[in-house]
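Descriptive structure summary
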Amino acid sequence: MAEVSPGLILIVGALLVPFLRGRLCQVYLVALSMVAFLHLISLENGAGGQMSVLGLSLTMLRVDKLSSLFGYVFLIACFLATIYSLHLRDKIQHVSGLVYAGGALGAVFAGDLVTLFIFWEVTAIASVFLIFAARSHQAYRAGMRYILVQVGSGVLLLSGVLLHYRATGSLAFEHLGLVSPGTTLIFLGFGIKAAFPLLHSWLEDAYPEATVTGTVFLSAFSTKLAIYALARGYAGTELLVPIGAAMTAFPIFYAVIENDLRRVLAYSLNNQLGFMVVGIGVGTELALNGAVAHAFAHIIYKALLFMSMGAVLYRVGTIKGSELGGLYKSMPWTAVFCMVGAASISAFPLFSGFVAKSMIMSAAMKEGYLWTWLILMFASAGVFHHAGIKIPYFAFFAHDSGKRCAEAPANMLVAMALAAVLCIGIGVLPLWFMSILPFEVPYAVYTLDHVVGQMQLLLFSALAFAILMRTGIYPPELPSTNLDVDWFYRRLLLSWVNAAGRAYAAAFDALAGIAKGALGRLIGLLRDQYGPDGRVTRTQPAGAMVFWITALLGAALIVNFI
Amino acid sequence: MTPKPDEKKYWLDDRRNVDRLVYGFYVVCAVIFAIDVFVPKHGPFAIEHLFGFYGWYGFVSCVALVLMAKVLRRMVMRGEDYYDG
């Protein structure tokens, strides 16, 4: 037992779910993440679960501060998402949610690249059912695009691992760095899952199409698994700094004009990943602490935000900003929890985001990344603007849409309340939180200049929002589709494939025409020779035969006579 | 789903209360901006030491963000069923 990955507890445990019913099933679902959590805290640092497969030595379980930190937060997220989805009778979602979380945990504790790859693919395949489970045409198509990209990331990872193994003879998942074609392919595989700029659109495409509860699971695992993998394999890779900075900045423009509020959250998820990627790229101990602390805090507040928007979708039936507003009257608790999540993602002092983001900002500043720091500040202001204000404002306040509904179900409120408590807990007790970070770096979060600077940044962002809103400059929420990188494969590539298909069909028709003509002529020729009236097979009347025999006999007689 | 005509009036339903909130917020902004005088800054970047840097940087950022997003919308916005057609 001691050498079992906590991920396997969830994956194997999920197999029993289809056989359980009612209350028992609910208790079992909640207990499963708790058992896995107890198992995790009982594990000692070090490697375990070694086995030899096809001559390769694999390590199923590598426990250190980095993997444990992600293990804790993945299990917390799984626990919260399970409670949030307890009202569901849909076994497919329960099983795929658990297997997905288990896959992500398995990957985090993988000590070698092959084990990592296997669990990497488990997360891809298990998670797509959370999208399909929405059972709509759009969800089916988005799910198919999602699984193609996810498996593609796995293929890049596997190709990279094979090249790396051939070059070095090692499968260990330690620091890799961009040093060879193999490690570059692995980097790209991680990059797709981390939603690097231009490789990102699967995230904004698929997450908002998943079920109410599925999106909560999705928001926690895939991308943060990639962040873990980058922190493990590519810490201090300079290239990650500009990549991360670009990631923080560009999605917020889309977030401002997006109407589907869960898609707004997907864009802001992408932006938050950028902060982590910058932290990994800067690579100092403080920066890495900041990156993984941010991943930890982010998983919880992002889940909270998706839970609150999911509750709105569940009760109202739509999540379009243009159709919502005034819901604080019907769903006051959901509104409060949403604002806690919004304050956390915006990094208000005393909320979790502030603790984590301060570390990344300070690290970037300390290492002299002026432009990166300015972009991160711009992005921080932008996050508050689109996630911190826009989400609660358009859903719960703005103009009253006249929609009235019941408050979210009790299980959803419990999950949101727990997440909110964690968000505030981390913000209020940062020292306790910082003790589980990988490196021991003394860092004072609540200094006067940090707090005042951040409050100025946030309040003046809100001021800009208030002024733009009251002067009517702020772009209204409009029902729309905004073109992103996915346009290239959903439209351009599709139109090329269609054009190629049409060209192929035309060529086929032309060739078939030629072949048909030739075949027709051949048939005509054969028919001439062998048909009913053909020269060869024509039936001759008996009289003609008698005539010719008579003629031959006559001729013979004449010849003999002469 | 629709409000009843005799529904309870909320405090925020009164436009004047919203205005009061907003004006109160302006005052808070002014105060937090002025506090800058008393805050010692330690960072290595000269720009951070400008008076009220975080305040005006946040304000300018957000206005620029929104104005640029409006331009972006003109380029990328399509009908809601764009991909379903």
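Residues numbered from 1 in each chain as written. Chains lettered and ligands numbered in written order. Predicted model: local features only at pLDDT ≥ 70, side-chain atom pairs only at ≥ 80, totals over all residues. Heavy atoms only, no water.

**Things to note about the interface of chain B and chain A**
The interface is formed by 58 residues belonging to chain B together with 60 residues belonging to chain A. Both sides together, the interface formed by chain B and chain A hides about 5,300 Å², and carbon and sulfur atoms give 70% of it. The tally of links from chain B across to chain A stands at two salt bridges. Residue arginine 470 of chain A pairs with aspartate 19 of chain B through a salt bridge whose shortest N-O separation is 2.5 Å. Counting the contacts that link chain B with chain A gives 15 residue pairs in polar contact (both at pLDDT 80 or more). Sorting the residues of the side of chain B that touches chain A by element identifies helix 1 (15-34), helix 2 (53-76) and strand 1 (77-78) of chain B as the ones contributing at least two each. When residues in the side of chain B that touches chain A are grouped by element, the largest group, 18 residues, is from helix 2 of chain B. (Contact = heavy atoms within 4.5 Å. Buried area = accessible area lost by both parts, 1.4 Å probe. Salt bridge = Lys/Arg side-chain N within 4 Å of Asp/Glu carboxyl O. Polar contact = N/O pair within 3.5 Å; in protein donor to acceptor, adjacent residues only side chain to side chain. Helix = DSSP H or I, 4+ residues; strand = E, 2+ residues; numbered from the N terminus.)

**Comments concerning the side chain of threonine 248 of chain A**
Residues and elements named next belong to chain A. Take threonine 248: it is sitting in helix 11 (residues 240-257). The class for threonine 248 is buried, based on a relative accessible area of 0%. Separated by 2.6 Å, the side chain of threonine 248 and the backbone oxygen of alanine 245 make a polar contact. Ignoring any residue separated from it by four or fewer positions in sequence, one finds threonine 248 in contact with Asn271, Gly274, Phe275, Ile375, Leu376 and Ala379. (Buried < 20%, exposed > 50% of the residue type's maximum accessible area, 1.4 Å probe, protein only.)

**A look at helix 13 (residues 285-316) of chain A**
Residue and element names in this part refer to chain A. For helix 13, which comprises 32 residues, the first-to-last C-alpha distance of 46 Å matches the rise-based estimate of 46 Å (1.5 Å per residue) to within 8%. Burial analysis of helix 13 places 29 of its 32 residues in the buried class, the great majority of the element. Glycine 317 occupies a position one or two residues after helix 13 and carries a positive phi of about 90°. (Expected span 1.5 Å × (residues − 1).)

**Quick look at the nonpolar core**
Phe70, Phe74, Phe190 and Phe221 of chain A are the most contacted members of the largest nonpolar core, which has 213 residues in total. Ranked by the residues each element gives to this core, the list is headed by helix 13 of chain A, at 22 residues. (Core = buried A, V, L, I, M, F, W, Y, C linked by side-chain atoms within 4.5 Å.)

**Quick word on the environment of tyrosine 489 of chain A**
Mapped onto the fold, tyrosine 489 of chain A is located in helix 20 (residues 486-530). Every residue in contact with tyrosine 489 of chain A, bar those within four places of it in the chain, is listed here: Arg145, Ser201, Trp202 and Leu494 of chain A.

**Topic: the domain arrangement of chain B**
Interfaces are often described in size by the accessible area the parts lose on coming together. All names here are of chain B. One can read the domain layout of chain B as domain 1 (10-39) and domain 2 (40-77). A C-alpha centroid distance of 21 Å is found between domain 1 and domain 2. Counting the surface lost from both domain 1 and domain 2, the interface buries some 510 Å², and carbon and sulfur atoms represent 71% of this. At the junction of domain 1 with domain 2, the criterion picks out two residue pairs in polar contact (both at pLDDT 80 or more). Here the residues of the side of domain 1 that touches domain 2 are counted per class, giving five nonpolar, no polar and one charged. (Domains from an automatic or database assignment. Nonpolar A, V, L, I, M, F, W, Y, C, P; charged D, E, K, R; others polar.)

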